[in-house]
Amino acid sequence: MKPLRVQFIHGLEGSPQGAKARLFAEHFEALTPAMDTGDFAACVELHARTLMDFQPDVLVGSSFGAAVAVDLLRRDAWQGPTLLLAQAVLAFDPQVELPRGIRIWLAHGLRDEVIDPEASRRLARTGTPELVRLIEVDDDHSLHGMVSSGELVALVHELCAAGPPGPHRP
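Each chain carries its own residue numbering, running from 1 in the written order of its sequence. Given that this is a predicted model, residues contribute local features only at a pLDDT of at least 70 and side-chain atom pairs are listed and counted only at 80 or more, while totals for whole chains, interfaces and linings are drawn from all residues. Excluded from the side-chain calculation are hydrogens and water; included are all heavy atoms of the structure.

Visitor: Explanation requested: the packing of aromatic side chains in the structure shown.
Guide: What characterises a pair of aromatic rings is the spacing of the ring centres plus the angle enclosed by the ring planes. Aromatic rings from Phe, Tyr and Trp, with only the six-membered ring used for Trp, were paired whenever their centres fell within 6.5 Å, and each pair was classed as stacked if the ring planes differed by under 30 degrees, edge-to-face if by over 60, and tilted otherwise. Under the counting rule described, the total for this entry stands at 5 aromatic pairs. Geometrically, the ring pair formed by Phe24 and Phe28 is tilted, given 6.2 Å between the ring centres and 45° between the ring planes. Classification of Phe24 as buried rests on a relative accessible area of 0%. Overall, Phe28 belongs to the buried group, its relative accessible area being 7%. Residue exposure (1.4 Å probe, protein chains only): buried if accessible area is under 20% of the type maximum, exposed if over 50%, otherwise partly exposed.

Below, the structure written as structure tokens:
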């Protein structure tokens, strides 16, 4: 069985050497491109090109990276299973809604002091109800507990096993 391919979009404080990126690299065929988080449009373009070349099974975005992931979904650069971690999407566009017809799961720590978990609750009410899932955990913004416990790895496997509602490669 071939390993799952995971494309990870790190947050403002993250990097390809960060805890989540290392975790994904250890458990999956993973790619975490380094990006200049000071240029949102360039981040979106970098990941759009990477999606075409790498063709992951799942896209994971963390905080700022989740905003990049949602922009990729809205542009139809990606239509597959997507995991948003402690998403900061509404900080960039308070009116944004998740696109319909795409399996999108959101994980958010209830002790997040950077992004209010209510933002993920609000975003999870958009999109296609049977494809959108909100997972609230007793954790902080960085989701240290999910990373150290292996729960994040299990969540990626579960999301992929749920399967895409349609074609998941661009």
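Right, picking up where we left off after that structure.
Visitor: Please clarify how the packing of helix 1 (residues 19-27) against helix 7 (residues 151-162) should be interpreted in this entry.
Guide: A packed helix pair is summarised by two numbers, namely the angle formed by the two axes and the spacing between the axes. At a closest axis distance of 10 Å, the pairing of helix 1 and helix 7 adopts a crossing angle of 60°. Between helix 1 and helix 7, the crossing angle belongs to the class labelled oblique. Helix-helix and strand crossings are classified by hand; for helix 1 and helix 7 the assignment is right-handed. Where helix 1 abuts helix 7, its residues Lys20, Leu23, Phe24 and His27 lie against Leu152, Val153 and Val156. Residue composition of the contact of helix 1 with helix 7, grouped by class: 5 nonpolar, 1 polar and 1 charged. Fitting a line to C-alpha atoms yields each axis, with helices limited to the stretch in contact; the angle taken between N-to-C directions then spans 0 to 180 degrees. Comment: elements are numbered from the N terminus, with helices defined as DSSP H or I runs of at least four residues and strands as E runs of at least two. The labels follow the angle: roughly parallel below 35 degrees, roughly antiparallel above 145, roughly perpendicular from 65 to 115, and oblique for the rest. Left-handed describes a crossing whose near helix is turned anticlockwise from the far helix through less than a right angle; right-handed describes the clockwise counterpart. In this analysis, two residues are considered to be in contact whenever any of their non-hydrogen atoms come within 4.5 Å of each other. All residues other than Ala, Val, Leu, Ile, Met, Phe, Trp, Tyr, Cys, Pro, Asp, Glu, Lys and Arg, Gly among them, are scored as polar; the first ten of these are nonpolar and the last four charged.

Visitor: Explanation requested: the nonpolar core in the structure shown.
Guide: Looking at soluble globular proteins, one finds that nonpolar side chains tend to be buried together. In terms of nonpolar packing, the biggest core is built from 31 residues, with Leu72, Leu84, Leu98, Leu106 and Leu123 touching the most fellow members. For this core, the secondary structure elements donating two or more residues are helix 2 (40-54), helix 3 (64-74), helix 4 (89-92), strand 5 (104-109) and helix 5 (117-124). The element best represented in this core is helix 3, accounting for 8 residues. Leaving out residues up to four positions away in the same chain, Leu72 has contacts with Ile9, Val44, His47, Ala48, Leu51, Leu59, Ala77 and Trp78. Here, nonpolar core refers to any group of buried Ala, Val, Leu, Ile, Met, Phe, Trp, Tyr and Cys residues whose side-chain atoms link them within 4.5 Å. Counting 24 residues, the second-largest nonpolar core is a separate cluster that includes Val6, Ala21, Phe24 and Leu143.

Visitor: Explanation requested: the sheet that holds strand 1 (residues 5-9) in the structure shown.
Guide: The strands making up a sheet are joined through hydrogen bonds of the backbone, oriented either antiparallel or parallel. In space, the 6 strands of this open sheet follow the order 2-1-3-4-5-6, with parallel pairing throughout. The open sheet terminates on both sides in strands that have one partner only, identified here as strand 2 (29-31) and strand 6 (132-137). Going across the sheet, the axis of each strand differs from the next one's by a mean of 20°, ignoring polarity. Note on pairing: two strands pair once DSSP finds at least 2 bridges between them. One ladder, built from 4 bridges, connects strand 4 (residues 82-85) with strand 5; its direction is parallel. Looking at strand 5, one finds that Leu83 is bridged to Trp105. Helix 1 contacts strand 1, strand 2, strand 3 (58-62) and strand 4 of the sheet and is inclined by roughly 175° relative to strand 1. Along the sheet, helix 3 contacts strand 1, strand 3, strand 4 and strand 5; its crossing angle with strand 3, the most-contacted strand, is approximately 135°.

Visitor: Explain the pairing of strand 4 here, please?
Guide: Put simply, side chains in a regular strand alternate between the two faces of the sheet. Residue alternation in strand 4 divides its side chains into two sets, Thr82 and Leu84 and Leu83 and Leu85, and both sets are buried. Taken together, the 4 bridges between strand 3 and strand 4 define a ladder with parallel strand orientation. The residue bridging Leu59 from the neighbouring strand is Thr82, located in strand 4. Whether a crossover is right-handed comes down to one check: with the strands pointing away from the viewer, does the path from the first strand over the helix to the second run clockwise; if it does, it is right-handed. Since strand 3 and strand 4 lie parallel, the crossover through helix 3 that links them has a hand, and here it is right-handed.

Visitor: What's the story with the pattern of salt bridges in this structure? I'm lost.
Guide: Should the charged atoms of two oppositely charged side chains come close, the side chains can pair. When a carboxyl oxygen of Asp or Glu is within 4 Å of a side-chain nitrogen of Lys or Arg, the pair counts as a salt bridge. According to the stated counting rule, one finds 9 salt bridges in the structure shown. One salt bridge in this structure joins Glu29 and Arg5, with 2.4 Å as the shortest N-O distance. Remark: Arg5 occurs in strand 1 and Glu29 occurs in strand 2; sequence separation between them is 24 residues. Relative accessible area serves as the criterion here: at 32%, Glu29 is assigned to the partly exposed category. Look at Arg5 and you get buried, because its relative accessible area is 18%. Note that Glu118 and Arg125 form a salt bridge whose closest N and O atoms lie 3.6 Å from each other. Among the ionic contacts, a cluster of salt bridges with common partners joins Glu118, Arg121, Arg125 and Glu136.

By themselves these figures say nothing about function.
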